Amino acid sequence: MTKTSIVFFVTLVLSIAIVGCSKAPPEPSTPALSMAEADSQQALSPLLPVKWIEGTHYNVVADTPSEQKEIVEYFSFWCPACYRFETIANKMKPQLDSDVKFRKVHVNFMSFTTPEIQEQATKAMLVSRSLDMEELLNAAIFAHIHEQGKKIEGIADLKELFNSYDISTTDFENILNKTELAAAFTQNNDEIAQFKEYLKGVPNIIVNGKYQAKFSREMTEQDIVDLVNWLSQQQ
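Okay, so let's go over this structure.

## A closer look at the nonpolar core
Ranked by internal contacts, the top residues of the largest apolar core, which has 41 residues, are Tyr-74, Phe-77, Trp-78, Ile-141, Phe-162 and Val-202. Where this core is concerned, the elements lending two or more residues are β2 (70-75), α3 (80-92), α4 (115-130), α5 (134-146), α6 (155-163), α7 (169-176) and α8 (179-194). Top contributing element to this core by residue count: α4, with 6 residues. Setting aside residues no more than four positions away along its own chain, Trp-78 makes contact with His-106, Phe-112, Thr-113, Ile-117, Gln-118, Ala-121, Ile-145, His-146 and Ile-152. In terms of nonpolar packing, the next biggest core, distinct from the first, is built from 21 residues, Phe-215, Ile-224, Val-225 and Leu-231 among them.

## So, the packing of α3 against helix α9 (residues 221-232)
Packing of α3 against α9 brings their axes to within 10 Å, and their N-to-C directions diverge by 55°. One way to sum up the angle between α3 and α9 is to call them oblique. In this structure, α3 crosses over α9, and the sense of that crossing is right-handed. For the pair formed by α3 and α9, the contact residues are Phe-85, Thr-87, Ile-88, Lys-91 and Met-92 on the first element and Glu-221, Gln-222, Ile-224, Val-225 and Val-228 on the second. The class makeup of the residues in the contact of α3 with α9 is 6 nonpolar, 2 polar and 2 charged.

## Some details on the state of the cysteines
Under the definition given, this model contains 1 disulfide. One disulfide in the model links Cys-21 with Cys-79; its S-S distance is 2.0 Å. Because the sign of the S-S torsion sets the handedness, a value of about 90° for the bond joining Cys-21 and Cys-79 places this disulfide among the right-handed ones. Linking Cys-21 in the loop between α1 (3-19) and α2 (35-43) with Cys-79 in the loop between β2 and α3, this pair joins segments that are 58 residues apart in sequence. On the basis of relative accessible area, Cys-79 is assigned to the buried category, the value being 0%. No disulfide involves Cys-82; its sulfur sits 3.2 Å from the nearest other cysteine sulfur, which is in Cys-79.

Conventions and cut-offs
- Residues numbered from 1 in each chain as written.
- Predicted model: local features only at pLDDT ≥ 70, side-chain atom pairs only at ≥ 80, totals over all residues.
- Heavy atoms only, no water.
- Core = buried A, V, L, I, M, F, W, Y, C linked by side-chain atoms within 4.5 Å.
- Buried < 20%, exposed > 50% of the residue type's maximum accessible area, 1.4 Å probe, protein only.
- Helix = DSSP H or I, 4+ residues; strand = E, 2+ residues; numbered from the N terminus.
- Contact = heavy atoms within 4.5 Å.
- Axes fitted to C-alpha atoms, helices over the stretch in contact; angles between N-to-C directions.
- Parallel < 35°, antiparallel > 145°, perpendicular 65-115°, else oblique.
- Left-handed = near helix turned anticlockwise from the far one by under 90°.
- Nonpolar A, V, L, I, M, F, W, Y, C, P; charged D, E, K, R; others polar.
- Disulfide = S-S within 2.5 Å.

Structure (structure tokens):
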């Protein structure tokens, strides 16, 4: 494949991931970038990461930042772009400063399935977080939907998926019924409500409770990582 072909292919794939999922039905899934493609993409970046511009690369969505430096990814397990964004998120985490926390908020307003099923998936994510298995089980749910082409039609499907990772139905239900999980679920949905006017689609990144990252088609994976990391250090 020629250099020109590689650039075209990488730009096309990343642009699909950057555009994200709106409330419309999903487009056909596109495979995530390979490491070789990502390296080629980084070398061709047209942006200077030190020159991020308000209104172009980020929006200010609150007056004051959160006390904790944090990156919050709003996402949906059903969203193909969120599935592809996992590659970027996994690349981002080890490059963040040690005082920056990365976490996810699962949304409930997408058109892929009902709000009730989406909220059951949110609870499953919180169960996995309680078990310190969130990354593993998030990947399993994404793979179940986007790689294996299987449906999640209720909490029973999620319990069965967790069972395959040696999490018994009893353990799942015990955690699900804890007061702490109910509080975490309420917090998840409160954070959706807090930034609802800015969440026109997912994946969507809010940094330090004040900045919303804006991604464009010409940005590489490393541009995205650099932008979000830079925002995490702003007050």
